[in-house]
Amino acid sequence: MRSRLYLFAGAALALGFFALFAALKLLPWLRALLAHWAFLRARKEFDGVLAYLREAGERGADAWAVLARALKRYLGSRSSVDFLPLTSGEIASLPLDRVAGGVLPDVAAILSAGDYLRFGAREAGDLSAALDLATALADRLEAAIADQAKPKREALP
């Protein structure tokens, strides 16, 4: 009876060590997978907002506000900077290397045009051109991030 009890305790202990080892090895992989899914979801949400603005036909201050918020959220997901509290002038003063692809001047231009049209202008502005520019800068940013990831992938054995 004692030998069975010792065998059971040893098997439970071995199983516990195996579960701990597996959890420690799988946890970084699971975090990387969740980060990758969030990365893909951010672009999908940004493209969805741009498509909504194109289809809605709205050209007023609310449309510019939606574009500005979506652009800031997207950039925040692609960099280590929280863009939501920053103004267009603060974004323009950031170093170019803070976001891959050198997209900060275009971002600042879209946001400053949106600020002007939301708070000071009487006309609606050219939202379709801003949407096209936002799509182009998202594509440039994605390409730059992919280029930065290539050397890391090639260095792996």
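Everything discussed here concerns the structure shown above.
Rules used in this analysis
Residues numbered from 1 in each chain as written. Predicted model: local features only at pLDDT ≥ 70, side-chain atom pairs only at ≥ 80, totals over all residues. Heavy atoms only, no water. Axes fitted to C-alpha atoms, helices over the stretch in contact; angles between N-to-C directions. Helix = DSSP H or I, 4+ residues; strand = E, 2+ residues; numbered from the N terminus. Parallel < 35°, antiparallel > 145°, perpendicular 65-115°, else oblique. Left-handed = near helix turned anticlockwise from the far one by under 90°. Contact = heavy atoms within 4.5 Å. Nonpolar A, V, L, I, M, F, W, Y, C, P; charged D, E, K, R; others polar. Expected span 1.5 Å × (residues − 1). Buried < 20%, exposed > 50% of the residue type's maximum accessible area, 1.4 Å probe, protein only. Phe/Tyr/Trp six-rings, centres within 6.5 Å; stacked < 30°, edge-to-face > 60°. Lys NZ or Arg CZ within 6 Å of the ring centre and 35° of its normal.

K.L.:
I'd like a rundown of the packing of helix α2 (residues 61–78) against helix α4 (residues 104–119), residues and numbers included.
P.N.:
It is the contact of α2 with α4, at a shortest axis distance of 9 Å, that shows an interaxial angle of 150 degrees. If you check the angle between α2 and α4, you find them roughly antiparallel. Note on packing geometry: the crossing formed by α2 with α4 is left-handed. From α2, A61, W64, A65, L67, A68, L71, K72 and L75 reach across to α4, where they touch V107, I110, L111, A113, G114, L117 and R118. Tallied by class, residues from the contact of α2 with α4 come to 12 nonpolar, one polar and two charged.

K.L.:
Please give an account of the environment of I91 that cites residues and values.
P.N.:
Structurally, I91 can be placed in helix α3 (residues 88–92). Along the sequence, I91 and V107 sit 16 residues apart, while their C-alpha atoms lie 7.8 Å from each other. Ignoring anything within four residues of it in the chain, the contact list for I91 reads K72, F83, L86, L104, V107, A108 and L111.

K.L.:
An account of α2 is needed here, citing residue identities and associated values.
P.N.:
In this model α2 runs 26 Å from its N-terminal to its C-terminal C-alpha over 18 residues, within 8% of the 26 Å that 1.5 Å per residue would give. Listed as buried for α2 are A63, W64, L67, A68, A70, L71, K72, Y74, L75 and R78.

K.L.:
Give a description of the packing of aromatic side chains that names residues and reports values.
P.N.:
Any aromatic ring pair is given by two values, namely how distant the centres are and how the planes are angled relative to each other. A complete count under the given rule lists one aromatic pair for this structure. Taken together, a centroid distance of 4.6 Å and an interplanar angle of 15 degrees make the contact between F46 and Y74 stacked. With a gap of 28 residues between them, F46 in helix α1 (residues 2–56) and Y74 in helix α2 connect regions that are remote in the sequence. You can call F46 buried: its relative accessible area is 2%. With a relative accessible area of 1%, Y74 lands in the buried category. When the ring centre of F39 is taken as origin, the NZ or CZ atom of R78, which lies over that ring, is 3.5 Å away.

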